[in-house]
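So the chains spell out like this:
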Amino acid sequence: MGQGREPIGVIGTGYVGLVTAAGFAELGSDVFCVDIDAEKIAGLRAGEIPIYEPGLAELVTANRERLRFSTDIADALEHARLLFVAVGTPPTYSGDADLSAVLAVVNAMPASDDHALVMKSTVPAGTGRAIKRIFAEQGKAGFRYVSCPEFLKEGSAVKDFLNPDRVVVGDDGDWAGDAVVELYAPLEAPLVRTDTASQEMVKLASNAFLATKISFINEIANVCEETGADVIEVAKGMGLDDRIGSKFLQAGIGFGGSCFPKDVNALKQLAGNSGYHFQLLNAVIEVNELQKRRVVGKLQKHLGSLVGTTICLLGLAFKPNTDDMRDASSLVLSARLQADGASVRLYDPVAEEEARELIRGAHFSDDALDAVQGADAVVLVTEWDEFLSLDWAQVAERMAGTVVIDGRNALDAVAVTAAGLTYEGIGRGSLASLTR
Ligand code: UDX
């Protein structure tokens, strides 16, 4: 593979940019990566991967000779027609996306009839039209624009890149869109080629729908707690209906990460700015915020006042297999517990460094068994594999109390209970149904 493959540029070497660059290099393209962060580029040249993503370091190493790293956009412009944009678009105080990094790239482009920007960064609907207008105003109307959003999941991004559910391309039907379609062709994924405005909405609507599914099952879980039903059984029964599907029906202590909270808010904001009140999304966001805090109520139910108690949080990243702490439920939980007078002990196998930047006043441990030492209660926040195989007898020996809150319904309730501990999940019914 690779003979005659189109060379590409990738602007922004964050998580999306690097996975995209390494993925296309694997498919045989020469890839010219550009970032304004000179230190990062120097590190990448030396073979250092700045993020934790399974399989990424191996993919970069295997394709070393096809990957170039530079701080100068001219390198990419010289060698490639297609420039993938993968810079950050973090939310601003108003909830709108901050497009300054994207606009800096747009402004840095020269007039050209032979180049195209391919937008990978998540941008609000309407951005494509705005960028084309800017190009026209700057006398660069020949510069093409294609959008091709990112559906990668952190922790499985490399696999997702190589096996996408679909490729969505939004363009004006010219050479640039054809070239992007051609680049993805070897992956043999279903293709949706449409106009830019529709494509932009696909991304936001997909993430908002998935977030809605999670908030929905979390509310079902909360009702299950009132009625004695077990949400795991309920989700199993629901998920077998093809129209519903079994994915994203795992109840827990809320969604986080770099995409869902941001995209749900961005869609709500976008609707609001256009004069439409997107009621459902308000509820999705509110349910998610409350879900993170419900754990505190569960702890109070077992321990009474939390003043003077010691609570251990196992797992800090917003989900397993990543060091990403953005909008992680652990942030809200650790702050809430400390505000209620508890001492908080923390452990995460990978995200500690990131977490230390964001969490103050808590004790960080080097391993799970140290973290549970003297704890009145243990809360599973992130379902890393190593927590699923914990020796609960040893945990029980080290804890001061007996309460285990399984915030992801991931632990073996029977094993926890057999160690003399008190198990409580999210939306799990009576222990009878757990031990079946
Ligand atoms: C998501 C989208 O899945 C991806 O397509 C998009 O490109 C970026 O946003 P990601 O943020 O990496 O990917 O994580 P994902 O695996 O989707 O999980 C998001 C959050 O939802 C996590 O906090 C996870 O714990 C939570 N979640 C997920 C649940 O609480 N229940 C579920 O059933 C699924």
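Residues numbered from 1 in each chain as written. Predicted model: local features only at pLDDT ≥ 70, side-chain atom pairs only at ≥ 80, totals over all residues. Heavy atoms only, no water.

Draft legend 1. Focus on the overall build of the protein chain. Scanning the protein chain from terminus to terminus reveals 19 helices and 14 strands. Against the globule reference of 22 Å for 436 residues, the protein chain gives a C-alpha radius of gyration of 24 Å, in line with a compact fold. When the backbone C-alpha atoms are referred to their principal axes, the protein chain occupies close to 70 × 50 × 40 Å. Counting across all 436 residues of the protein chain, residues that qualify as buried make up 52%. In the protein chain, the proportion of contacts linking residues at least 24 apart, taken out of those at least 6 apart, comes to 72%. As displayed, the protein chain has an accessible area near 19,100 Å², and 52% of this comes from carbon and sulfur atoms. Here the protein chain contributes 39 positive and 61 negative side-chain charges, whose respective centroids are spaced 4 Å apart. (Helix = DSSP H or I, 4+ residues; strand = E, 2+ residues; numbered from the N terminus. Rg over C-alpha atoms; globule rule 2.2 N^0.38 Å. Buried < 20%, exposed > 50% of the residue type's maximum accessible area, 1.4 Å probe, protein only. Contact = heavy atoms within 4.5 Å. Areas by Shrake-Rupley, 256 points an atom, 1.4 Å probe, with all protein chains shown as cover. Lys, Arg positive; Asp, Glu negative; His and termini not counted. Charge placed at Lys NZ, Arg CZ, Asp CG, Glu CD.)

Draft legend 2. Fine view of the site of the ligand. Around the ligand, the structure places 18 residues, and the nearest of them are Leu-152, Glu-154, Gln-250, Cys-259 and Lys-319. Note that an oxygen atom of the ligand is positioned 2.9 Å from one of the backbone N or O atoms of Leu-152. A distance of 3.0 Å separates an oxygen atom of the ligand from a polar atom in the backbone of Phe-318. About the coverage of the ligand: the protein hides 91% of its 670 Å² of free accessible area. In terms of residue class, the shell around the ligand is built from nine nonpolar, three polar and six charged. Mapping the shell around the ligand onto the domain boundaries places at least three of its residues in each of domain 1 (8-194) and domain 2 (214-434). (Near = heavy atom within 4 Å. Polar contact = N/O pair within 3.5 Å; in protein donor to acceptor, adjacent residues only side chain to side chain. Nonpolar A, V, L, I, M, F, W, Y, C, P; charged D, E, K, R; others polar. Domains from an automatic or database assignment.)

Draft legend 3. Quick look at the side chain of Asn-288. Structurally, Asn-288 can be placed in helix α12 (residues 279-303). Leaving out residues up to four positions away in the same chain, Asn-288 has contacts with Ser-215, Gly-254 and Phe-255.

Draft legend 4. Molecular detail of the pattern of salt bridges. Applying the stated rule across the entire model yields 25 salt bridges. Its salt-bridge partner being Asp-30, residue Arg-68 comes within 3.5 Å of it at the nearest N-O pair. Placement of the pair is Arg-68 in strand β3 (residues 67-70) and Asp-30 in the loop between α1 (15-26) and β2 (31-34), with a sequence separation of 38 residues. In this structure, Arg-133 engages Glu-137 in a salt bridge whose closest nitrogen and oxygen atoms are separated by 3.8 Å. Of the two residues, Arg-133 and Glu-137 both sit in helix α6 (residues 127-137), four residues apart, roughly one turn of that helix. For Arg-133, a relative accessible area of 52% puts it in the exposed group. Through salt bridges with shared partners, a single network forms among Glu-225, Arg-294, Lys-298, Lys-301 and Glu-424. (Salt bridge = Lys/Arg side-chain N within 4 Å of Asp/Glu carboxyl O.)

Draft legend 5. Region of interest: the domain arrangement of the protein chain. Domain boundaries in the protein chain define domain 1 (8-194) and domain 2 (214-434). A C-alpha centroid distance of 34 Å is found between domain 1 and domain 2. Counting residues at the interface gives 13 residues for domain 1, matched by 16 residues for domain 2. Counting the surface lost from both domain 1 and domain 2, the interface buries some 1,200 Å², and carbon and sulfur atoms represent 50% of this. On inspection of domain 1 and its partner domain 2, the count reaches one salt bridge. For Arg-326, the salt bridge goes to Glu-154, with nearest N and O atoms at 4.0 Å. (Buried area = accessible area lost by both parts, 1.4 Å probe.)

Draft legend 6. Structural context of the environment of Arg-166. Examined against the element boundaries, Arg-166 turns out to sit in the loop between α7 (157-162) and β7 (167-170). Look at Arg-166 and you get partly exposed, because its relative accessible area is 27%. When the C-alpha atoms of Arg-166 and Ile-73 are compared, they prove to be 30 Å apart, with 93 residues separating the residues in sequence. Discounting chain neighbours no more than four positions away, the residues touching Arg-166 are Phe-151, Ala-189, Pro-190 and Ser-206. At a separation of 3.2 Å, a polar atom in the side chain of Arg-166 contacts the side chain of Ser-206.

Draft legend 7. Spotlight on the nonpolar core. Counting residues in hydrophobic clusters, the biggest one holds 57 residues, and the most contacted among them are Leu-299, Leu-313, Leu-314, Leu-333, Leu-337 and Val-379. Apart from residues no more than four positions distant in its own chain, Leu-314 is found in contact with Tyr-347, Ala-368, Ala-371, Val-378, Val-379, Leu-380, Val-381, Thr-382, Phe-387 and Leu-390. Residues Ala-21, Ala-25, Val-60 and Leu-82 belong to the second largest nonpolar core, which totals 39 residues. (Core = buried A, V, L, I, M, F, W, Y, C linked by side-chain atoms within 4.5 Å.)

Draft legend 8. Focus on the packing of aromatic side chains. Counted under the stated rule, the structure contains nine aromatic pairs. Judged by centre distance (5.3 Å) and plane angle (45°), the ring pair of Phe-24 and Phe-84 falls under tilted. Of this pair, Phe-24 sits in helix α1 while Phe-84 is found in strand β4 (residues 82-85), placing the two residues 60 residues apart along the sequence. Directly above the ring of Phe-151 sits Arg-166, whose terminal nitrogen or CZ lies 3.6 Å from the centroid. (Phe/Tyr/Trp six-rings, centres within 6.5 Å; stacked < 30°, edge-to-face > 60°. Lys NZ or Arg CZ within 6 Å of the ring centre and 35° of its normal.)

Draft legend 9. Quick look at unusual backbone geometry. Backbone geometry at Phe-248 places phi at a positive 60°, although glycine is not the residue there. The topology assignment puts Phe-248 in the loop between α10 (231-239) and α11 (260-273). The backbone of Asn-409 sits at a positive phi, close to 50°, despite the residue not being glycine. Structurally, the position occupied by Asn-409 is in the loop between β13 (403-406) and α18 (413-418).

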